[in-house]
Every structure is written in structure tokens, then in C-alpha cells.
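Spelled out from the first residue to the last, the chains are:
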Number of protein chains: 2
Amino acid sequence: MSVTEPRGFRAAGVAAGLKSTGARDVAVVVNDGPHRHAAAVFTSNRVAAAPVHWSRQVVSDGRVDAVVLNSGGANACTGPQGFQNTHQTAEFAAEALGVSATDVFVCSTGLIGEQLPMDKLLPGVRRAVDLLSDGGGRAAAEAIMTTDSVSKTASYPATQDDASEGYTIGGMAKGAGMLAPGLATMLVVLTTDAVLDPAVLDTALRAATRVTFDRADSDGCMSTNDTVVLLASGASGVRPDPVQFAEALTGVCASLAHQLIEDAEGASHTIAIRTFNAATEDDAEMVGRAVARSNLFKAAIFGADPNWGRVLAAVGTTSAAFEPDRLDVAMNGVQICRDGGIGEPRELVDLTGRLVTVEINLNAGSEAATIWTNDLTHEYVHENSAYSS
Amino acid sequence: MSVTEPRGFRAAGVAAGLKSTGARDVAVVVNDGPHRHAAAVFTSNRVAAAPVHWSRQVVSDGRVDAVVLNSGGANACTGPQGFQNTHQTAEFAAEALGVSATDVFVCSTGLIGEQLPMDKLLPGVRRAVDLLSDGGGRAAAEAIMTTDSVSKTASYPATQDDASEGYTIGGMAKGAGMLAPGLATMLVVLTTDAVLDPAVLDTALRAATRVTFDRADSDGCMSTNDTVVLLASGASGVRPDPVQFAEALTGVCASLAHQLIEDAEGASHTIAIRTFNAATEDDAEMVGRAVARSNLFKAAIFGADPNWGRVLAAVGTTSAAFEPDRLDVAMNGVQICRDGGIGEPRELVDLTGRLVTVEINLNAGSEAATIWTNDLTHEYVHENSAYSS
């Protein structure tokens, strides 16, 4: 599992003292080749963190040799000093690794608006480089956690018994709030030993994130730091079919996205909102997202109240194609709203389990999309009011 | 105060048994003329309640003789039966009042997705008609409350000492959740004894609601029932200057909107988000609304944490004109973010009071707008998870 599952990668995660708890907070992932192909997607937030600005440049030529990640500070809204700190981090790691700084990708996560303690971060990077190993993926996954309660990793093939095409994909992710599409902050590193050109990687990555991370909308808040980076070493010698690779990558991303939603800050329910019979996929996504962002709906699910009126109130705010008197809504399989009005008794809906499925039939076409979200709980309010993050 | 302050209006509020608490739940407001001019604005939610569909037709000719309002049931998502119930309510009130049903405006508020108990509602309307008086405004304001903790009324002139132009405006409002621009559900009735034609009323009402109710965004959830109706009796014989009237009306609406935000479900802070130096007023409004809808920011304010990073993260999601490194943010007068980076120490911000002012300087022009919202609290989650509403 994790980013060292594919051949050609080493990683490490160490405690550098950025987190007051003494937990791991600096990770390094290195691609030993023979190829150093890469692609990445970033937050669309215009207030982007310094490492986002830096890493956008790094990946623009399709080559990344190493990724340096830290938790304990987002390095966002930190001005010229913040950018200089990211630059210095890349230079420092590059020298330790014997590569060019312009091939060192940097990610940060934690509180916005504070400068990183460089006197702790740089020695941490030094120690991580010294500890790099092909078994270091787990430690790296731990080092990027913030309010996550567990580290998140995934791989393709998912188990040793699964059929393989001769290559492997590994991944790690962090994030537990500000998830839309990212998290306070969502960081994802994906690795593969497949032989793939940067353009193919880019296409596959965008296809995979569009239907996975982009549809995980825990609390509607878009982060300043969200980054998903994909590295390809070519060490397997296998050049997969691009479509098959994109599907395998989507599977790994779906697993990681699902783990993020399962571990979202303070959530007691995981909610899958499937909108179907939509005129377009965009319509289906828009409707699902509107429901996922209704605090009234999310609080009702926390209270185990199958309040379909709040679902319809959210659907009604969108410009999707539908007739209000042709909307059907089912929760956990019970058709509680039919033709925009009262359906089966709401008492029949059992919301005691973790997973809640909401199925919205727009009766306006044949497209569909699923948005994943969480309920709005006392714990969410507590975690996000009691601590700065 | 309230809707019977202007000459030419009678009102009543009674308990008809729609609320299980036995509190007042049916109100009637009658315009005795000589004019029966009217204008109204409604929710833009496409899943609109039956009384919204009905009342849109009623007001379309600029004439309304009476308004019937009920709490204890929204009559939304209730299908053809729901529309028939609204129609029957109007017919019943019209007969009792000796007017035409097509001049009877109807408003409902309460739980979505349940039919109204007509066997209780109609006798309540009958009793309210019997009790109509020119001192009934207070009782009517009480009868439209749902989760409101206090009734909301306002008038122009605001006090007897204020200068008057010889005419009067009165108003009542309800709403405490699903406030954007309305509330579970926002209903507002405004009355005036000024002499004004329907077209002038309509222009003034749209101008007033645009900068008051439309900018009160408590929880980002738009209701199916929001309605603001303005009735003019002409009983003062005074025909005011349209601009002066619009200003006076805006003052009454601002007072009612402020009372709604002060009483919003579970809120412990009232937050005024003023965006200034914007390129356009739309930009200023968009930025304020994005911040007002950030759960992370709202939870931070509940925790008395001046987390300006969450403000910038929200601003960054908009398409407003600004440069990220030229954003300034002050909270309660302390400039905690300067040039998109760290400003004064966050410890200097005192968030213990009810009112929080957030001032966002876009440094991109000369326009401004203020959005009013609330913090995200345990009480909000509790009220919206423990009970259906």
C-alpha cells in the first residue's frame, strides 16, 4: 500500500516539531526513475498558498523528481516571505537529494496565515531524506495528517489476488475538513511504475479527480492548498492502455476520496447523493452539490430525520432541468417523495447506520452523478470552533 | 407598531390548533382602503409552496384586499391537494370578508411536505375575521412565529418623535432559519396609508428588499415559501415622493431584517460582513455572501477565533475583481490581514460581544455592500437536527 508500493519510489515521514503533539509532520517522496514523469491538479481557490504557486511551476514541464510535504502549517496568506520559505525548502531538499530545485514539488497543510518555522522544517527534511526507503510509504502517509484520525492509503491492484496488468499504482491522502473538492487541506500523492508520458498522466489524472475528489464535498469549503500530484517512474517497463490506466487510477482515487469522507471532521454519517435521469451530467452534479451544501439537510441527517422537504428546497435553488412536480426522492431505499409531493411514510426510513443514500430522480434525461458528503454535527462545530486550523 | 399602525388596516391573530403548543397560528390582515394597492416579492426557489403559486397570481393585478397567514405548516411539496387547500382558504376568507377570492393573498410557514389540517385552519380563519381590529397587529405578528423566540415588528416613523411626512408604514416579519434571503420561512407583511400606485409600490419594494432581506443570509438555505407583501390603503391622503417613500420603506425592512438575524436559530453572534472598495456592488455582495456561507468561518466566530485565513479562503472562491496580495481584512476594527498576509496579532480581536464586524477591502474600486449572517453553533445543529421544521 501507499506511495512506495510501485517500483522506483522511496519515501519517509519524520517528526520535525511542527506539530505540538510530537507526531510526524514532514514527508518526502522520491521518484528514482528511470522516468520522472508527472502531472498535478490544484485548488481553484484564487487565494492559493505559496507551495501551490511554486509547485504549479515545477510540474509545468511534466517532470517531478521529489515531493516534500509538511503538516503543521499551510503556508497560505503568508506573502513574499511565505513564497521564499517554499523556495528555500525546495532548494534545501534538492541539494540533499542531488537534483534540481525546479524538479522538487512542495505541499503544505495546516493553519492559514502563519509563517512556517524553517528552523524546524529544514532539519526535518534533512532527516527524512536520510531515512528514505522503499518501505517508507506508511510513515509518509502519517506525516501529512492534520485533524485526520487515521492515515489514508490505497493501491492498484487493491489486493494481491486482484488481476494485474503488470504495473502498480499507490497513493496517500490527507484531509478532514475544508473538503470541497479538498480539505483543511486535501493533499494527495499518487505513484505508479507504469510507463506513461506526462500528457497521458495529465489526462488520466483529470479524468480520475473529476469523478472522485471533485465530488467529495464534505463542508462546502474550498481550501487554499488542495493538491493532487501523480508521479510515474516507468520502473515496471509496462506501458498500459491509457483508458485502462485511467480506470485503475480512478479506482485508487475513489478509495482515497471515500476514506476522506469516512474520516471527515466530526461527521457521524457518510451521505451519498445520487442524482439520476438528469438532462446532463453537469445538472446531476449541480443538484447533488446543492443538497450537499444545505446545512438544514445535513443537520437533519445528523438527527436521523429523513427530511425530504429540505432536499427539495435545495434542489429548487439550482438551474438544472426538471419540473418541480416530477421530482422523486428516495432515502435508504424508501421512496419518501413522489411527483414532488408526499410519498411513503418517513417513519419507514432507517437512518441509524453510517451510510445514507439519497436518490434524486429528476425525470429529465438519462445522465447521473454522485456527490459524497457528511452530516452537520455538534462535533463538526466543536472541532472547527474550539481550535484554529 | 406592526401592520395596524397605518390607517386603513385591521388585523387579528388566533390559535387554531395548527401548533401543538396552543400558541397563535392563524393571522388575517385586511386593507379597508380606500385603495387596495399592493406589490410583492417571492422566493426564487423553483420548488415554491402552493401559497406562493396562488399569491403570485393574486398580486399580479396590483390589488390585494386581505392577507391570510398560517404557521404550523408550509403547504410546500404538497401537490394538487396542497394547491386546492390554499385556494379553499382564500375562498373561505373571501366569503367571510365579503371580497373576491382573487384578491386574497395567502402565506404559509412550517414543515415542508405535510398537508394542512383544514378542519382546524378554516375555523381559525373564521375566528380571526371576527376578531379583526385596528389594534390587532401585535397578535397577528405572534401568530406567524415558528421557531422565532420573539415577534418582529417595525414602523415608520420609528418613534413618535421622528419627523413624519404625514403617512405611516408598519411591518411584521417571521423567520429564524432557512434564511437566504428568507427563513424557515421568512414571511413579511408591510402596510402603509400613503397614496401610491401599484407600480410605485413595486419599485420601492424591490429597492428595499434588495439591500435588506436579500442581504440577510443566516444559513445559506433558501426557503420554498419566502414572501414579502406590501399593501397601501391611501387612508392618509398623502402622496409621498417615491424616492422618500422607498427610503422610509428600506428603513422599516432593515429593522425587520436585523431583528430576524438577531433571533436566528441557535446563533450566538450577529455578523456584519462589509466588503468595500469593490469594482462593482455585485462583486461586493458576492464576496460577502461567500464568507457568510463558509461553515468553517462561521464555526470559528462561534469559538471567538478571529480566523481571517478562513475569510480569505472564502473570498478566493469568488470571481470578484481583486488581487490576492492586495486584500485587507479587519475584524471588530483590528486589521488582522494586510496585503493578503499577516497583519495585527489576532489576539487583539475581541469577539466576546454579540456583534462581529468583518471589513474586507478588495482594493479594486469604490463600491460596497454589507451581508448580515450568524455564527454556526451547537444550538443551530441542535435545533435543526432534533426537530423537523
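Residues numbered from 1 in each chain as written. Chains lettered and ligands numbered in written order. Predicted model: local features only at pLDDT ≥ 70, side-chain atom pairs only at ≥ 80, totals over all residues. Heavy atoms only, no water.

Trainee: Help me understand the pairing of strand 12 (residues 334–338) of chain A in this model?
Mentor: Working note: regular strand, side chains alternate between the two faces of the sheet. All names here are of chain A. With two bridges joining them, strand 11 (residues 328–331) and strand 12 adopt antiparallel strand pairing. Looking at strand 12, one finds that Val 329 is bridged to Cys 337. A loop of two residues connects strand 11 with strand 12, the two strands running antiparallel in sequence, and Asn 332 in this loop sits at a positive phi of about 45 degrees. Two strands pair when backbone bridges link them, and strand 12 and strand 13 (residues 341–342) are joined in this way by two bridges, in the antiparallel orientation. The partner of Arg 338 across the bridge, within strand 13, is Gly 341. Counted along the chain from strand 12 to the antiparallel partner strand 13, the turn is two residues long, and its residue Asp 339 has a positive phi close to 55 degrees. (Pairing = 2+ DSSP bridges. Helix = DSSP H or I, 4+ residues; strand = E, 2+ residues; numbered from the N terminus.)

Trainee: Before we go on, may I ask you to explain the pattern of salt bridges in this structure?
Mentor: Any two side chains of opposite charge can pair, given that their charged atoms come close. Residue and element names in this part refer to chain A. Evaluated as defined, the whole model comprises 34 salt bridges over all chains. A salt bridge links Arg 126 to Asp 130, with the shortest nitrogen-to-oxygen separation between them at 3.0 Å. Here Arg 126 pairs with Asp 130, and both are found in helix 3 (residues 118–131), just four residues apart, close to one helical turn. Overall, Arg 126 belongs to the partly exposed group, its relative accessible area being 36%. On the basis of relative accessibility, which here comes to 53%, the residue Asp 130 falls in the exposed class. Put simply, Arg 210, Arg 215, Glu 281, Glu 285 and Arg 289 are held in one network by salt bridges that share partners. (Salt bridge = Lys/Arg side-chain N within 4 Å of Asp/Glu carboxyl O. Buried < 20%, exposed > 50% of the residue type's maximum accessible area, 1.4 Å probe, protein only.)

Trainee: Quick question: what am I supposed to make of the environment of Asp 241 of chain A here?
Mentor: All names here are of chain A. Relative to the assigned elements, Asp 241 resides in the loop between strand 9 (227–232) and helix 6 (242–262). Overall, Asp 241 belongs to the partly exposed group, its relative accessible area being 46%. Taking the C-alpha atoms as reference points, Asp 241 and Glu 165, separated by 76 residues in sequence, lie 9.5 Å from one another. Engagement of the side chain of Asp 241 in a polar contact is seen with the backbone nitrogen of Gln 244, the distance being 3.0 Å. (Polar contact = N/O pair within 3.5 Å; in protein donor to acceptor, adjacent residues only side chain to side chain.)

Trainee: Please clarify how the pairing of strand 4 (residues 66–70) of chain A should be interpreted in this entry.
Mentor: Residues and elements named next belong to chain A. By the criterion of burial, strand 4 is predominantly enclosed, with five of the five residues buried. Covered by surrounding structure in strand 4 are Ala 66, Val 68 and Asn 70 together with Val 67 and Leu 69, the residues of both alternating faces. The pairing of strand 2 (residues 26–31) with strand 4 spans five bridges and is classified as antiparallel. For Val 26, the partnering residue across the bridge sits in strand 4 and is Asn 70. Of the pairings in the sheet, the one linking strand 4 to strand 5 (residues 104–108) comprises five bridges and is parallel in character. Bridge pairing in strand 5 places Leu 69 opposite Cys 107. A crossover connection joins strand 4 to the parallel strand 5 through helix 2 (residues 79–97); in handedness this β-α-β unit is right-handed. (Right-handed = clockwise from strand over helix to strand, strands pointing away.)

Trainee: What's the story with the sheet that holds strand 3 (residues 37–42) of chain B in this structure? I'm lost.
Mentor: Backbone-to-backbone hydrogen bonds pair the strands of a sheet. The strands run either parallel or antiparallel. Residue and element names in this part refer to chain B. Pairing within the open sheet is mixed, and its five strands lie in the order 3-9-8-7-6. Two strands in the sheet have a free side with no partner beyond their single neighbour: strand 3 and strand 6 (152–156). Averaged over all adjacent pairs, the angle separating strand axes in this sheet is 10 degrees, with direction ignored. For strand 8 (residues 187–192) and strand 9 (residues 227–232), the ladder comprises six bridges, and the chain directions are parallel. Bridge pairing in strand 9 links Val 188 to Val 228. The sheet contacts of helix 5 (residues 198–210) involve strand 3, strand 8 and strand 9, and relative to strand 3 the element is tilted by about 35 degrees. The strands touched by helix 6 (residues 242–262) are strand 6, strand 7 (169–174), strand 8 and strand 9; relative to strand 6, the strand with the most contacts, the crossing angle is about 160 degrees. (Axes fitted to C-alpha atoms, helices over the stretch in contact; angles between N-to-C directions. Contact = heavy atoms within 4.5 Å.)

Trainee: Help me understand the UniProt feature "binding site: substrate" (unreviewed entry) in chain A, please; the structure alone is not making it clear to me.
Mentor: When the UniProt feature table is mapped onto this chain numbering, "binding site: substrate" (unreviewed entry) sits at Thr 146, Lys 174, Thr 185, Glu 265, Asn 384 and Ser 389 of chain A. What makes Thr 146 of chain A partly exposed here is its relative accessible area of 28%. (UniProt positions renumbered as here; feature names shortened; annotations may be inferred.)

Trainee: Honestly, the relation of the copies chain A and chain B in this entry has me stumped. Any pointers?
Mentor: A rotation about an axis combined with a shift along that same axis relates the two copies of the chain. Superposition record for chain A on chain B: RMSD 0.0 Å, screw rotation 180 degrees, translation along axis 0.0 Å. The two molecules are tied by a two-fold rotation axis, judged by turn and shift. Residues of chain A ranked by C-alpha distance from the rotation axis are headed by His 378 of chain A, positioned 2.7 Å from it. With an isologous cut-off of 70% or more, the 100% of interface residues of chain A that recur at the interface of chain B puts this contact in the isologous class. (Least-squares fit on C-alpha atoms with pLDDT ≥ 70 in both.)

Trainee: What is the right way to read the domain arrangement of chain A from this model?
Mentor: For interface size, the figure often reported is the accessible area lost on association. All names here are of chain A. Domains assigned within chain A are domain 1 (9–262) and domain 2 (270–386). Each of domain 1 and domain 2 was reduced to a C-alpha centroid, and the two centroids are 32 Å apart. Opposite the 14 residues of domain 1 that make contact, domain 2 presents 16 residues. Across the domain 1 to domain 2 interface the summed buried area is about 1300 Å²; carbon plus sulfur atoms make up 35%. Of all residues in domain 1, Arg 215, Asp 217 and Ile 261 give up the largest surface area on contact with domain 2, accounting jointly for 49% of the area buried on that side. The interface formed by domain 1 and domain 2 includes four salt bridges. (Domains from an automatic or database assignment. Buried area = accessible area lost by both parts, 1.4 Å probe.)

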